[in-house]
Every structure is written in C-alpha cells, then in structure tokens.
Amino acid sequence: MKRRFLSLIVVVLLLGIVLSGCKTATTTAKTVKIAVVGPLTGAQATFGEGNKNGALLAIEEWNAKGGPAGYKIEYVLGDSQCDPKAAADVAKKVVDEDKVQFIIGAVCSSETIPIVDYASTKKVVLMSGTSTSAKVTVDDSGNTKKYAFRACFIDPFQGKVMAGFALNNLKAKTAAVVLEVGNDYIIGLAEEFKKAFEAGGGKVVVYESFVKEDTDFSAILAKVKDANPDVFFVPTYYDKVSLIGAQAKQKGITSVLLGGDGWDSADLDTAAVEGGFFSNHYHPGDSRPIVVDWIKKYQAKYNKVPDALATGGYDAANLVLAAIDKAGSIDPDAVVTAIEGISYDAVSGKITFDAQHNPIKAAAVLKVQGGQVLYEATVNP
Amino acid sequence: MQKLLNRIAVSVRKSPVIWAIGVLLLAWLAGRARQNPVLFAQFLVDGIRLGFVYALVALGYTMVYGIVRLINFAHGDVFMIGAFAAFFATTRYHWSFVPAMVLAMVVCAFLSVVIERIAYKPLRDAPRISALITAVGMSFFLEYFTALNFVFTPNFIVFAPQPLQFKSWNVLGVTVSNIMFVIIAVGTICLVALYYLVYRTKLGKAMRAVAWDKPTARLMGIDVDLVITFTFALGAALAGVGGMLYVVAYPQIRTFLGVMPGLKSFIAAVFGGIGSIPGAFIGALTIGMVETLAAGYLSSTLRDTIVFSILIIVLLLRPTGLFGEAAKEKA
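Predicted model, so just to flag it, every value in this text is computed and none were measured. (Residues numbered from 1 in each chain as written. Chains lettered and ligands numbered in written order. Predicted model: local features only at pLDDT ≥ 70, side-chain atom pairs only at ≥ 80, totals over all residues. Heavy atoms only, no water.)

**What to know about the overall build of chain B**
Condition: By the criteria applied, helices consist of DSSP H or I runs no shorter than four residues and strands consist of E runs no shorter than two, each listed in order from the N terminus. Each radius of gyration reported is based on C-alpha atoms, and the globular scaling rule is 2.2 Å times the count of residues to the power 0.38. Exposure is judged per residue with a 1.4 Å probe applied to protein chains only, and the accessible area is read against the type maximum: over 50% gives exposed, under 20% gives buried, and values in between give partly exposed. Note on definitions: a residue-residue contact is assigned when non-hydrogen atoms from the two residues lie within 4.5 Å. Working convention for charge: Lys and Arg count positive, Asp and Glu count negative, and His plus the chain ends are omitted. Where a charge sits is defined by one atom per residue type, namely NZ (Lys), CZ (Arg), CG (Asp) or CD (Glu).
When its secondary structure is counted, chain B shows 13 helices and four strands. Expected size for 331 residues packed as a compact globule is a radius of gyration near 20 Å; at 20 Å, chain B falls within 12% of this value. The principal-axis extents of the C-alpha atoms in chain B amount to approximately 55 × 50 × 35 Å. Per-residue burial for chain B yields a buried fraction of 50% across its 331 residues. Of the contacts formed within chain B by residues at least 6 apart in sequence, a portion of 75% connects residues at least 24 apart. Positive and negative side-chain charges in chain B, numbering 26 and 12 respectively, have mean positions lying 8 Å apart.

**With respect to the state of the cysteines**
One way to say it: the disulfide is the covalent bond shared by the sulfur atoms of two cysteines. In plain terms, the rule: Note on terminology: pairs of cysteine sulfur atoms within 2.5 Å are recorded as disulfides.
Evaluated as defined, the whole model comprises one disulfide over all chains. The disulfide that involves A:Cys82 links it to A:Cys108, with 1.9 Å between the sulfurs. The sign of the S-S torsion, about -115 degrees, decides the handedness of the disulfide formed by A:Cys82 and A:Cys108: left-handed. Of this pair, A:Cys82 sits in the loop between β2 (72-79) and α3 (84-97) while A:Cys108 sits in the loop between β3 (102-104) and α4 (109-121), placing them 26 residues apart in sequence. For the residue pair A:Cys82 and A:Cys108, the accessibility class agrees, reading buried in each case. This cysteine, B:Cys108, is not joined by any disulfide, and B:Cys190 carries the nearest cysteine sulfur, 12 Å off. Its relative accessible area of 0% is what places B:Cys108 among the buried residues. Residue B:Cys190 is classed as buried on the basis of its relative accessible area, which comes to 12%.

**Overview of the interface of chain A and chain B**
Formally: The buried area of a pairing is the accessible area, by a 1.4 Å probe, that goes missing from both parts when the two are put together, added over both. Salt-bridge detection follows one rule: a side-chain nitrogen of Lys or Arg within 4 Å of a carboxyl oxygen of Asp or Glu. Each residue is assigned to one class: nonpolar for Ala, Val, Leu, Ile, Met, Phe, Trp, Tyr, Cys and Pro, charged for Asp, Glu, Lys and Arg, and polar for all the others, Gly among them.
Residue-level contacts link 26 residues of chain A with 28 residues of chain B. Summed over both sides, the interface between chain A and chain B buries roughly 2,300 Å², with carbon and sulfur atoms accounting for 53% of that surface. At the boundary of chain A with chain B, the tally comes to three salt bridges. Between B:Asp46 and A:Lys251 there is a salt bridge, and its shortest N-O distance comes to 2.9 Å. Taken together, the elements giving at least two residues each to the side of chain A that touches chain B come down to β7 (203-210), α7 (218-227) and α8 (238-251) of chain A. Counting residues per element, the side of chain A that touches chain B draws most heavily on α8(A), at nine residues. Looking at the side of chain A that touches chain B residue by residue, the class counts come to nine nonpolar, six polar and eleven charged.

**A look at the pattern of salt bridges**
Throughout the structure, instances matching the rule amount to 21 salt bridges over all chains. A salt bridge links A:Lys195 to A:Glu192, with the shortest nitrogen-to-oxygen separation between them at 3.7 Å. Residue A:Lys195 and its partner A:Glu192 are located together in helix α6 (residues 184-199), separated by three residues, close to a single helical turn. A residue is classified by how much of its surface remains accessible, and A:Lys195, at 55% relative accessible area, is exposed. One salt bridge connects B:Glu291 with B:Lys264, and the closest N-O pair in it is separated by 3.2 Å. A residue pair is termed long-range when its members are at least 10 positions apart, and B:Glu291 in helix α12 (residues 277-298) and B:Lys264 in helix α11 (residues 259-272) qualify at 27 residues. As far as the burial class goes, B:Glu291 and B:Lys264 line up, both buried.

**As for the confidence of the model for chain A**
Rules: pLDDT measures how confident the predictor is about each residue, on a scale from 0 to 100.
In the predicted model, chain A carries a mean pLDDT of 86, and the fraction of residues at 70 or more is 92%. Note that pLDDT drops below 50 for residues 21-27 of chain A; the model gives that stretch four contacts with residues more than four away or on any other chain.

**Examining the nonpolar core**
Rule in force here: Put simply, buried Ala, Val, Leu, Ile, Met, Phe, Trp, Tyr and Cys residues joined by side-chain atoms within 4.5 Å make one nonpolar core.
Ranked by internal contacts, the top residues of the largest apolar core, which has 112 residues, are A:Phe232, A:Ile244, B:Ile67, B:Ile115, B:Tyr120, B:Leu194 and B:Leu245. Apart from the residues lying within four places of it in its own chain, the contact partners of A:Ile244 are A:Val178, A:Phe210, A:Phe217, A:Leu221, A:Phe232 and A:Val234. By size, the runner-up hydrophobic cluster in this structure holds 44 residues, among which are A:Ala58, A:Phe149, A:Ile324 and A:Ile342.

**Comments concerning the sheet that holds β3(A)**
All names here are of chain A. Stated precisely, the cut-off is as follows: In this scheme, strands are said to pair when DSSP sees at least two bridges between them. Orientation is described by lines fitted to C-alpha atoms, with helices fitted over the stretch in contact, and by angles between N-to-C directions that extend from 0 to 180 degrees.
With parallel pairing, the five strands of this open sheet are ordered in space as β2-β1-β3-β4-β5. The sheet is open, and its two edges are formed by β2 and β5 (148-150), each paired on a single side. On average, each strand axis in the sheet is inclined to that of its neighbour by 20 degrees, with strand direction left out of account. Strand direction decides the pairing type here: strand β4 (residues 125-128) and β5, joined by three bridges, are parallel. Residue pairing for β5: Ser128 is matched across the bridge by Arg150. Sitting on the sheet, α3 touches β1 (31-38), β2 and β3, and the angle it makes with β2 is about 155 degrees.

**So, the pairing of strand β2 (residues 168-171) of chain B**
Residue and element names in this part refer to chain B. In this structure, β2 lies alongside strand β3 (residues 174-177), joined through four bridges in antiparallel fashion. Within β3, the residue paired with Asn170 across the bridge is Thr175. A loop of two residues connects β2 with β3, the two strands running antiparallel in sequence, and Leu172 in this loop sits at a positive phi of about 50 degrees.

**Structural notes on unusual backbone geometry**
The amide bond that connects A:Gly105 to the next residue, A:Ala106, takes the cis arrangement and shows omega of -10 degrees. If you trace the backbone, A:Ala106 turns up in the loop between β3 and α4. The backbone of A:Gln81 shows a phi angle near 55 degrees, a positive value even though the residue is not glycine. Overall, the relative accessible area of 24% leaves A:Gln81 in the partly exposed class. A positive phi angle is found at B:Arg69, which is not glycine, with a value near 55 degrees. Inspection of the secondary structure assignment puts B:Arg69 in the loop between α3 (37-68) and α4 (75-92).

**Considerations on the side chain of B:His75**
Position of B:His75 relative to the elements: it lies in helix α4. By relative accessible area, which is 3% here, B:His75 ends up buried.

**Topic: a nonpolar patch on the surface**
Note the threshold: In this analysis, a patch consists of residues with relative accessible area above 30% that form no salt bridge, clustered at 9 Å for like charges and at 5 Å for the nonpolar side chains Val, Leu, Ile, Met, Phe, Trp and Tyr. Note that accessible areas follow from Shrake-Rupley with a 1.4 Å probe, and for residues the cover is restricted to the protein chains shown.
A contiguous nonpolar patch, built from B:Val17, B:Ile18, B:Ile21, B:Leu25, B:Trp28, B:Leu298, B:Leu302, B:Ile312, B:Ile313, B:Leu316 and B:Leu317 and spanning about 1,100 Å² of accessible area, is present on the exposed surface. By the element assignment, B:Leu317 lies in helix α13 (residues 300-317).

**Concerning the domain arrangement of chain A**
Put simply, the rule is: Boundary definitions for the domains trace back to an automatic or database domain assignment.
Considered domain by domain, chain A is made up of domain 1 (31-153 + 286-362) and domain 2 (156-280). Taken over C-alpha atoms, the centre of domain 1 of chain A sits 32 Å from the centre of domain 2 of chain A.

**Quick word on the sheet that holds strand β11 (residues 344-346) of chain A**
All names here are of chain A. Read from one edge to the other, the open sheet built from three strands follows the order β11-β12-β13, with strand pairing classed as antiparallel. Each edge of the sheet is formed by a strand with only one pairing partner; in this case those strands are β11 and β13 (359-360). In the packing of helix α10 (residues 308-327) onto the sheet, contacts are made with β11 and β12 (349-353), and the angle to β11 comes to roughly 160 degrees.

Right, dumping it as structure tokens:
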C-alpha cells in the first residue's frame, strides 16, 4: 500500500511537470492533447511500459515533423493498472481535468472498456493498440461504438488467418481442431478457423473439445492419428499446447501444429510444438523495411527490442495522428471519419478499418524451429 | 467356475434392468469397435496405460482403508510429490530412471509416515469422520503449500529432458511406445511384489492380522503402530512410482497434478471394493479403459462425468464394490 502511495506521488509529480510544460507550450497557436493510458504500476506494469514507450516515440516523431496538420501534440500519462475501477478514475481525470481530445490505450481489454464508455460520452476518440476483446469497439447490442478503435486484430480473426495460412502456404486439405470448453478466446479462434477453412475448400475431419483440467489427451489424439489430417489447429494457451504437443509427438502424429498468440510465452515447450506455426501481432524478425527501421529507432531510444505491446502503442498513436493530419482538424467527428477511411502503413502491417472499427490487416505467422520462434510469413486476411 | 456362474445367475434375476443396460452398452461398444478396429485397439492400449498408473495409486487407498478404515485423501498429493521428486532428480541432478524412481518412492514413503504421525495417529481413537476431515485438510495443505512461490511455484513446469529417450512403434496401425511398456512392466512388478509381500511374508501376515482385528493382533504380540506406519509407507511408495510414471507419460508438472488422478484412483478403489488389493487393480484398469473409451466415442468433456457417475452407481447398487464380498482377506 505504501509503495502504491509513493508511486502515486511520483505519478502526480510527473504529471505536474508535464502539465507545467503544457502551460508554457500553450503560447503556440494550435495544440492537440492526447492521453497515453495503460498499466504503469502493478503486475502488468511491463505491458503498460511498452505501450507508453511506443506511443511516446510516435508523438515525438510527429512533433519533430511539425505535428499533424500543424497541431503541436501535448500528452499526459494515465495509470489504469489493468483494473476496471482504476481505469474509470483515470478516464474521468484525463477527460475532465486534463481535457484531452484523444486517448491512446489502454492495454488490457478489461480496463479499456470502462475508459471507452466514459470517453465516448464526451466525444473523446480512443485508439487501443492491444485490447483484443470484441466489446472494446462494439456494445452489448452489437452496435459499433463511434469513438472507439483498435490497432490490433480481435481474437477470432487469428482463426481466419491461420486457416488462410494452412490452405495457401501449407496447401492443407484436411484439418483437426481441438478447443477448451468455457474459454471464449479459444472457442473464438477454433470456430473461426473451422468456418474459414471449410469456406476455403478444406475439410475439418476432427473437431473435439476438452475441459480445462484434462491432462490425458490420448483419446482425442488417437482420433487425430486415425484421421491423419494435414494440419492440427490447437488454439490454446501455451501450457495446454505444450502438453498436447508432447502427447501428439508420442503418438507419432505428423500433422503440422497450428495455433494463435496464446502460444506466445517464454514458457512454451518448444520441443513439444517443434515444426508448428502460430499467429501473432508482430515479430521483430520481420524483414520489411518499416519493421527494421522501427526496431532501430526503438533500440536507440530505449535500448531494447520492442515487444508486441510497444508496437501496438506506436501503431495506435500513429493512426490517430495520421487521421488528424488527414482530417486537418481535431474535431472528433471529423477524425472518426478520417480513421474510418484511412489506409495506413503501420509497423504491424497495412491497416484499414471495418464497420466495427477493427483493423483489417495482416498477421505475422511464426514458426517454432530448433527451440526458437522464427518469423515465417505475413498473412493477409 | 460353477460358483461364479451361479452368482451371476442370481444377480441377473435380482436386477435384470442393470444387466440389460450393461449388455446393451457392450453391444454398442462392439459395434463401434467393428467400424474401426484399429482405433478401438488404440483406445484400449491407452486405457490400459492409464489404468496401470491409477492402479498404483488405488492400491495405496485400498491398503490404508483396509488397515485403519481411513480414506487418505492426501494420497493424490503424495503422488504429486513423487512426480516432483523424480523431476528434480532427473532434470537437476541427471539421475537415470531407476534411481529417480527409488528416490520418489523413498521421499513419498517418508512424507507419508510423517503425515501419519502428525495428522492421523493422534486421531486414531477419535470418530472416523474427524480423521477423514483431517485427510482432506492435509490434501489442501500439500497442494497450496507446494504452490507457494518459494516451494514449487503455482506455475506448471515442462518435464524435460526426460529420463527415458522416447521411442514408439507402429503395430498393425496401433501406436505403442516404450513409455507404455515401462509403465506396464513397472506396474506389474510392483503388483507382484506387493502380492508376495502381503500374502507370503510374516510382515504381510501381520498386516492382514491388524486389518482383521487390531486388539487381538496386539495380544498376539504384533506391533500394531509399526504395521500401520509400514502400510502407509508402502502405499505412498507405490504412489511415488505412479507419480513418476504419470509425468513421464504426460510431461508437465504442477502442484495440483495429483487432484484428478487421486480422485479417479479413489473411484477405482471403490469400484473394485475398497480394502481389496485385486479389486483395486481390476477397478483401476476398468476406470482407465472407461475413461479413454468415453473420451473417444462420446466426448472428452463427458469423460469425468461418466467416471464420477460410476462412483455414484457403485455406491447405490453395490457399496462393497466388485470384490467387496469375495475378498475376505484384507490388507
């Protein structure tokens, strides 16, 4: 508690410095105020750190170029702690006290949703770099939230990407799919994969579910072995796929393992999923010039390789600023229209938006080989 | 043979509906097996492998119940400790398979003796429900204490490198692996050794005597406390072997690893007739097989439901289990 109080003081002091900086800056004619929000303290602090670093780098670059449409950018930081309550407080603070017109963030979907809901009432446009829950941009009755956008793909989209990768890159004709009941993320990926794979002319020969507590997958794997599909889609988190992969190897299953960003962990058993592919938002091994350039810039400033969160923050900030530049004003409705019509070359791929304010963009497909995760391809939906 | 047939005939007359359901189930299984015999054989082979692991755990349940009438719910967690002991021995200290297994046995036996002395012995004359509640408490203590960050942490650990180089063969389309052979071989050796110990040695005779009638056994000069301690140690050593074999087959360890196998082994012991050694073995093989067949032909999500339904059905229809009546000798 004491530490949290201390960090609060530090944040307040930092904000004070930032705000006093703002006051001297308001002498120039045109300014735009942006809040960069994410968990800066707590267990997910590293997520917020990456998001913040990426967003601030983008702001710095635009300011150096003279700002979008000639507006000088001022920013404030908000600490949403990956917690819905803290996030709601932060939303009120940045919107009512700091009077920002735009928000970059937040990181966790659970914190972004309350921020969106408050910011929208004040016509503050929000762009999240990493919140993947569908509810960030769509309300419960299925209507798009007008002022909310995201720069990352939503969960089920990865199922579509991996189906495309299996059909086109691996030339797969048959697939097996397993899913964990009660996990929306995994079910979303599995259902979307099945739909897209069958629409693309493939056949799903095994479609099985298991429960969270399972450790013995021999019956499911016996069926997979019997059907011998070209690919085996296991969109679980890294712990389960490590176990399923190991047992599949024991069974002598040679189908290529496929998965989603749930595999993305240092704890993934790379021997168990050797030869498998999974989708992710971005990979530093991508050789496109924009990625190489981004890594170089980030390393020069922060002395480390940018992770997916830093990239998300950078892309999100760039999208908003490019839209302001395009709209030529900071009027929220004009900027929303500009974002809806944008086609932007971001680090994580070329981005356009669909009707639900989700980006239509490519995903990175990574390969597990020799104990390492390597960049394989960029797949367009 | 004649006696067995007579008993079956009596049973059929007494509860024809249950026999009819049983026969229908078997017919349905045979139908599915004819559709794809290779897949059916694969399910059976996997079921036997799982059954042998359950058997090693179920024996501990049944022996302890036989001798002190206590369902030792911490047994599944002793199984988990065995898995961890084997894991540390093989991956950190590079022990080979057999020494690691012996270590797992020793660690589990020691732990179980300590648990018995601290938690169960003071309650031996208390109502049986008190000891049962203590056993449940002990189970939770082991799970959550080992999940602390300075013990084993709550995260899972991948069991690699394995103490056995994995090999598999294709026999008429059915995949069999060296791990499976090791599980069956080790399981069989343990069973035969246990059978010999219980029925052919003086110590075994003492165990059976204590199980039968404690006061009289004491009058005959048997050190009852020592025999009980030994029974706990023996059951735990088998669980240690089971724990190691389990994580070799499913190479991932967590501190909650013992919960499900522990419960299922308990069901196996009840199904076979708790207190009966052959019953525990047959029960475990049956549960292993039912589990894989249910997951294979129905759904993985239904598997646990079906296994736990067996417990309820057995308790309702035949609380003594398969061998409950026949097994006069308890160990």
